[in-house]
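Structural overview
Residues per chain are reported as follows:
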Amino acid sequence: MGRKIHEQHDPGRGAAEAAGGVSPDGDILPRHRAPRTLTPAVRHGLAGLLIVGSLAVVAAAALGGCQRGLAPTAASPTSSSSPATSSVASTPVDFIVTPADQSTRVALNTEVKVVVRHGTLTAVTVTDGEGQTLAGALDVAHETWRSEGALQPATTYHVIAEATDGAGRPATFSSTFSTLEPTKRLGARIAPLDGETVGVGMPIILYFTAPVTDKAAVERNLSVEASLPVLGAWHWYGNTEVHFRPTVYWPVGDQVTLHANLAGVDAGNGVWGTTNYTVHFTIGDSHISVVDARTHMMTVRVNGKVARIIPVSTGRDKYPTTSGVHLVLEKQQKVIMDSATVGIPKGDPDYYYEVVYWDVRISWSGEFVHAAPWSVADQGRENVSHGCVNASPADAEWFYNLSRRGDVVQVVGTPRGLESGNGWTDWNMSWSQWVAGSALGPTGNPQLSDADVVAAEGDGFGYYSPTPGVSNNRHWVPPKPAPRTTSSTSGSPTSTTSTPAPTRASASSTGSSSAAPTPTSKPSPGG
């Protein structure tokens, strides 16, 4: 004979059955009621545990002779006895839901989880007050449902879980919980812009709207995908700005996508991310320009080949142009340059107020490559500017039309170095210095020494290699530069390229923009 099963509900019976022991009235429980240990899920310091059991028990049906009983299942094993009477009962469905019912101030990175015991989940919906549904998925066994993505701040969610027990009867459970309101929400402005084509030196930059104290948490949620894969790392400039750059300049034509999955990220001190960002951009042709203040020439290379050599005049001794690897920040056809904005007031012998054309900005302190019709006689011969790189109107217009954000303008031969942060100065650091600025440390970034990062001389092309001296054949490493030829536009003599000597920043000129034709002449002490 099968074991006896009571149909009468006893409030104390559920606990005894859950422990797999003997019920209060002394009956022995069925063998499929194995001891169970229920451990609440814990995630980010918040845990919730709710067990709902409907302890309805169905009387066993007598089976005899050749009559077939219920199909065996993992939760309800069949008896191995001969054709005697056996009993089959349906075990109540238990729901375990996290967060617990009526939980408040739930963290935004909490996973909503629904688990059933002694049953099969058929549906789970988690909705907010506006009817928006939280995404999630069931496991293969239909015993666990987990949410996907972050929770919204200051939001009440309603959970409804549906399941069936071993006999196919439905069971339902519902609960509610509410999330916290962040002290500050972490947003971001991102460069490059979505869809933009940029130069080979362009870093990926995120400017945050609130201070980030847990930089590692944020950095783990930033990922970069590239059609031509690169090795790169993040580097923090303070608490509100982080940059990504490869070991060497980006390969031409690379298609790059940034995923900044900030929603649900705890940035520390009550600051939470609430939005995800995706930005796609393209790397354009390589434009690498070298300005040599000693020879007064700017050599412009396009994809490794000399495109033009331009006579220039850089900063005079009192206002030297800064040496180092600059990047093009922006360009404007017309800028009003007022020296009073950089500490040279009206009445000073060096004061100037000029309308200047074809302006390509290379530092935040006001250094531009621009047209300077007043210094054409000095260009290629002498440095007379206030820190800008002066060129003829024709050469300046050509350079303006060529330039895009992220192009490289390397200045050499001046006594003053480019200061970190005066523009996008990322390429003035060695690889080891760059990786040291990552919140994840060396274990979270490519393990390359400075000797492993090989850059081609002069034109910015190069390759990375985990083994020094071995290329991965992805970046083109060009032959040694050919001797320079005379510029087709200026007829000025040629010069050789020098190596950079990066350090601090110059103050030059600033201004506002509007379109206007190129000026013809007007000698003046402009930038």
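This section reports on the structure supplied with the text.

Quick look at the overall build of the protein
Per the secondary structure count, the protein includes four helices and 34 strands. For the protein, the share of sequence-separated contacts (at least 6 apart) that also reach a separation of at least 24 residues comes to 68%. Surface summary for the protein: the accessible area is close to 24000 Å², and the carbon and sulfur share equals 52%.

Quick look at the environment of Ala-188
The residue Ala-188 is located in strand S13 (residues 188-191) in this model. Separated by 17 residues in the primary sequence, Ala-188 and Ile-205 place their C-alpha atoms 9.5 Å from one another. Non-local contacts of Ala-188, meaning those with residues more than four positions away in its chain, are made with Leu-206, Tyr-207, Phe-208, Thr-209, Leu-262 and Tyr-277.

Topic: the pairing of strand S11 (residues 170-179)
As defined by bridge partners, strand S5 (residues 103-106) adjoins S11 across two bridges and the pair is classed as parallel. What sits directly across from Ser-103, in S11, is Phe-177. Pairing between strand S10 (residues 156-164) and S11: nine bridges, direction antiparallel. Paired with Ala-161 across the two strands is Phe-173, which belongs to S11. Hairpin connection between S10 and S11: a loop of five residues separates the two successive antiparallel strands, and Gly-168 in this loop has a positive phi of roughly 85°.

As for the side chain of Asp-338
By the element assignment, Asp-338 lies in strand S27 (residues 330-338). Engagement of the side chain of Asp-338 in a polar contact is seen with the backbone nitrogen of Ala-340, the distance being 3.0 Å.

Quick word on the nonpolar core
Of all hydrophobic cores here, the largest spans 40 residues; its most connected members are Ile-204, Leu-206, Phe-208 and Val-218. Of all elements in the fold, only S13, strand S15 (204-208), helix H2 (215-219), strand S17 (232-236), strand S18 (241-246), strand S19 (255-261), strand S22 (276-283) and strand S26 (322-327) reach the threshold of two or more residues within this core. Setting aside chain neighbours within four positions, we find Ile-204 in contact with Ala-191, Pro-192, Val-224, Trp-234, Val-242, His-243, Phe-244, Trp-250, Val-256, Leu-258 and Phe-281.

Quick look at unusual backbone geometry
The amide bond that connects Thr-98 to the next residue, Pro-99, takes the cis arrangement and shows omega of 0°. Looking at the element boundaries, Pro-99 is found in the loop between strand S4 (94-98) and S5. In the segment running from Ala-191 into Pro-192, the intervening peptide bond is cis, with an omega of 0°. Turning to its location among the elements, Pro-192 is positioned in the loop between S13 and strand S14 (197-198).

What about the environment of Gly-406?
As for its position among the elements, Gly-406 is in the loop between helix H3 (393-402) and strand S31 (408-412). On a C-alpha basis, the gap between Gly-406 and Gly-199 in space is 4.1 Å, while along the polypeptide they are 207 residues apart. Once residues lying within four places of it in the same chain are set aside, the contact partners of Gly-406 are Gly-199, Val-200, Gly-201, Met-202, Leu-327 and Val-328.

Some words on the sheet that holds S18
An order of S13-S15-S18-S17 is seen for the four strands of this open sheet, with the pairing classed as antiparallel. This sheet does not close on itself; its edge strands, each paired only once, are S13 and S17. Strand-to-strand, the axes of this sheet are offset by a mean angle of 15°, without reference to chain direction. Where S13 meets S15, four bridges bridge the pair, whose relative direction is antiparallel. Looking across to S15, one finds that Ile-190 is bridged to Leu-206.

Here we look at the sheet that holds strand S28 (residues 353-361)
Taken together, the four strands give an open sheet; going across it, the order is S27-S28-S29-S30, and neighbouring strands pair in mixed fashion. A single partner strand is all that each edge strand has here, and the edge strands are S27 and strand S30 (389-391). On average, adjacent strands in this sheet sit at an angle of 35° to one another, irrespective of strand direction. Bridge count for S27 against S28 is eight bridges, and the pairing is antiparallel. Within S28, the residue paired with Glu-330 across the bridge is Arg-361. Along the sheet, H3 contacts S27, S28, strand S29 (368-371) and S30; its crossing angle with S28, the most-contacted strand, is approximately 45°.

Conventions and cut-offs
- Residues numbered from 1 in each chain as written.
- Predicted model: local features only at pLDDT ≥ 70, side-chain atom pairs only at ≥ 80, totals over all residues.
- Heavy atoms only, no water.
- Helix = DSSP H or I, 4+ residues; strand = E, 2+ residues; numbered from the N terminus.
- Contact = heavy atoms within 4.5 Å.
- Areas by Shrake-Rupley, 256 points an atom, 1.4 Å probe, with all protein chains shown as cover.
- Pairing = 2+ DSSP bridges.
- Polar contact = N/O pair within 3.5 Å; in protein donor to acceptor, adjacent residues only side chain to side chain.
- Core = buried A, V, L, I, M, F, W, Y, C linked by side-chain atoms within 4.5 Å.
- Buried < 20%, exposed > 50% of the residue type's maximum accessible area, 1.4 Å probe, protein only.
- Axes fitted to C-alpha atoms, helices over the stretch in contact; angles between N-to-C directions.

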